[in-house]
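A structural walkthrough
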Amino acid sequence: MEEFKIKSIEEWIQFFKVEVPKHVTETRWEHILRVANLAESLAVSHSYPNPKKAYLAGLCHDITKQKKKEIHEELFSEYSLDVTGVPFQAYHAYSAPLFLKKNFGFYDLEIQSAIQNHTLGNLKPVFFDQILYAADFLGSDYCQRLSELKEWIQKTKENLYFGIFMKAFQTISFLMEKKESIHPHTFYTYNNAQQSLKEMN
Ligand SMILES: [Fe+2]
Ligand SMILES: [Fe+2]
């Protein structure tokens, strides 16, 4: 087995800027870069001590997004990860941390958690999870088409729960429109963000 070298955050960023585009389409790569930049700037606005780490999480978050179902399933079985109840659209969030660890020896608990929870949300989100969750939404194709985007970014810089709420809201609306099921973590994320926004107003 190949020996993996430990790299600094800056070295990992340089590494993944070359590596990630090999695994995704150009449109997806553009989304990834937007998310990385937004994650970094949200981290700065909310005084997270290591904004470059948020950038790095953004850079890696969708690396397995366009992989075939078998690739995800192979990783789940290799690492004995139980994904019962996780819809296929969220497989990439669960497989990406395993893919990063297996192929590049890249392993960081905070980044792994943020990536794993960026699609469905989670029941006990830490601040770093929330940064990526909100950045993924503000950097989405859906948001790029909206005239309100600038304002939404500003509002999320002021209060992270704004972006979190909007992502959960949009996910739920979209799934309901298609009469699809909604994961309980997404409902929880919606309610929690809604409550937090209310309390702060
Ligand atoms: Fe994603
Ligand atoms: Fe994404």
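Heads up: the structure comes first, above all this text.
Attention in this report is confined to the structure presented alongside it. (Residues numbered from 1 in each chain as written. Chains lettered and ligands numbered in written order. Predicted model: local features only at pLDDT ≥ 70, side-chain atom pairs only at ≥ 80, totals over all residues. Heavy atoms only, no water.)

The next point concerns helix 5 (residues 91–104). In this model, helix 5 (14 residues) spans 19 Å end to end at C-alpha, consistent with the 20 Å of a helix rising 1.5 Å per residue. Extensive coverage of helix 5 is indicated by the burial of 11 of its 14 residues. Of the surrounding secondary structure, the elements contacted by the buried residues of helix 5 are helix 1 (9–19), helix 3 (51–60), helix 4 (69–78) and helix 6 (109–116). Positive phi shows up at Gly-105, right after helix 5, with a value of about 65°. (Helix = DSSP H or I, 4+ residues; strand = E, 2+ residues; numbered from the N terminus. Expected span 1.5 Å × (residues − 1). Buried < 20%, exposed > 50% of the residue type's maximum accessible area, 1.4 Å probe, protein only. Contact = heavy atoms within 4.5 Å.)

If you trace the backbone, His-46 turns up in the loop between helix 2 (26–45) and helix 3. In this structure the side chain of His-46 is engaged in a polar contact, spanning 2.8 Å, whose partner is the backbone oxygen of Thr-156. Setting aside chain neighbours within four positions, we find His-46 in contact with Phe-127, Thr-156, Lys-157, Glu-158, Asn-159 and Leu-160. (Polar contact = N/O pair within 3.5 Å; in protein donor to acceptor, adjacent residues only side chain to side chain.)

The subject of this paragraph is the nonpolar core. By size, the foremost hydrophobic cluster in this structure holds 60 residues, and its most contacted members are Phe-16 and Phe-106. If we ignore the near neighbours within four places in the chain, the residues touching Phe-16 are Pro-21, Trp-29, Leu-56, Leu-59, Cys-60, Leu-100, Phe-104 and Phe-106. (Core = buried A, V, L, I, M, F, W, Y, C linked by side-chain atoms within 4.5 Å.)

Read these as spatial facts, not as claims about activity.
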